[in-house]
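This is what each chain is made of:
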Amino acid sequence: MSDPTPVFDDLREESEQLDLLVTELTEERWALATPAPRWTIAHQIAHLHWTDQAALLAVTDPDGFQESVKQALAAPDAYVDEGAEEGARLRPAELLSRWREGRAALDGALRAAPSGARFAWFGPPMSGAAMATGRLMETWAHGQDVADALGVVRPPTDRLRHVVRIGVRARDFAFGVHGLPVPGEEFRVEVTAPSGEVWTYGEPDARQRVTGPALDFCLLVTQRAHRADLTLHAEGSDADRWLDIAQAFAGPPGTGRPPKGTPE
């Protein structure tokens, strides 16, 4: 079994990068609107804290986590928003402190978990490495919302490989959640990492292909940018359709973002 330590380290670094964006914000700037409807920067951090706490519960208290699942099933449309709303009402210093403590506790729990352990989640059970990968994707994606609200550009890093991997693996889910037949053939995905390395998935001779920058692929599958604003290229009708519907996150189809310049 491969060592999960690198993804744990990458999750910690991704969280620390986002921490640097918000640590010096005034209360007024914590209240800035982000691209997510009705969510401020405080909501974004509160959501990350809430999900970290859910993951910590899954790792350390399976019975307690099952109670959370029951609550989520009882109010599937409101459960996540209510968690973000509750956290966003805290003073920024308190929210920041709780987020830091929660993610540190999750980091410790994941590193201490027995090798090969799998944990219940809102979807299928997952390993510690998969849990950390999902948390990294969310941290990066919600961090993008924060960066957009602040008008800053984050330098991309090769930590994006984890987001790319989830996006590729979620191909069939994206078709299914849109009520479309899942393509029967494998796709070839070739994306260029920030370091210049090329990350590849699928057989080299596959007819359906997607190529472009890894950053653009990550923005697409997390629905943080519209396809029209990205430099991704598809070959084959199924691959082309995928770029219109791709999503790396669970749940119903996301609405995504409109192309730049589209009136709100």
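See the structure printed just above.
Keep in mind that what you see is a predicted model, and the values were worked out from it rather than measured. (Residues numbered from 1 in each chain as written. Predicted model: local features only at pLDDT ≥ 70, side-chain atom pairs only at ≥ 80, totals over all residues. Heavy atoms only, no water.)

**Q** For the pattern of salt bridges, give the residues involved together with the corresponding values.
**A** Applying the stated criterion across every chain, the model contains 24 salt bridges. The partner of Glu14 in a salt bridge is Arg154, and the shortest N-O contact between them spans 3.8 Å. Residue Glu14 is located in helix H1 (residues 5-22), and its partner Arg154 is located in the loop between helix H7 (128-150) and helix H8 (160-169); the two are separated by 140 residues in the primary sequence. Each member of the pair Glu14 and Arg154 is classed as buried. Residue Arg135 pairs with Asp52 through a salt bridge whose shortest N-O separation is 2.8 Å. With Arg135 in helix H7 and Asp52 in helix H3 (residues 41-60), the pair connects residues that are 83 residues apart, well separated along the chain. (Salt bridge = Lys/Arg side-chain N within 4 Å of Asp/Glu carboxyl O. Helix = DSSP H or I, 4+ residues; strand = E, 2+ residues; numbered from the N terminus. Buried < 20%, exposed > 50% of the residue type's maximum accessible area, 1.4 Å probe, protein only.)

**Q** I'd like to hear about the nonpolar core, residue by residue, with values.
**A** Grouped together as the largest cluster of nonpolar side chains are 51 residues, with contacts concentrated most on Trp121, Met131, Val164, Phe217 and Trp242. Once residues within four sequence positions are removed from consideration, Trp121 is found in contact with Thr51, Ala54, Ala55, Ala58, Phe65, Met126 and Met131. Formed by 15 residues, the second largest nonpolar core is a distinct cluster that contains Ala46, Leu96, Trp99 and Val146. (Core = buried A, V, L, I, M, F, W, Y, C linked by side-chain atoms within 4.5 Å. Contact = heavy atoms within 4.5 Å.)

**Q** Kindly report on unusual backbone geometry, identifying the contributing residues and their values.
**A** Glycine aside, a negative phi is what most residues show, and trans is what most peptide bonds show. For Arg38, which is not glycine, the phi torsion reads 70° and is therefore positive. If you trace the backbone, Arg38 turns up in the loop between helix H2 (27-30) and H3. Of the residues examined, Arg38 reaches a relative accessible area of 72% and is grouped as exposed.

**Q** A description of H3 should follow, citing residues and the corresponding values.
**A** Helix length check: H3, at 20 residues, gives a terminal C-alpha distance of 29 Å against a target of 28 Å (1.5 Å per residue), a fit within 8%. Most of H3 is tucked away: 17 of the 20 residues are buried. In this structure Thr40 caps H3, since a side-chain oxygen of it lies 3.2 Å from the backbone nitrogen of Ala42. (Expected span 1.5 Å × (residues − 1). Polar contact = N/O pair within 3.5 Å; in protein donor to acceptor, adjacent residues only side chain to side chain.)

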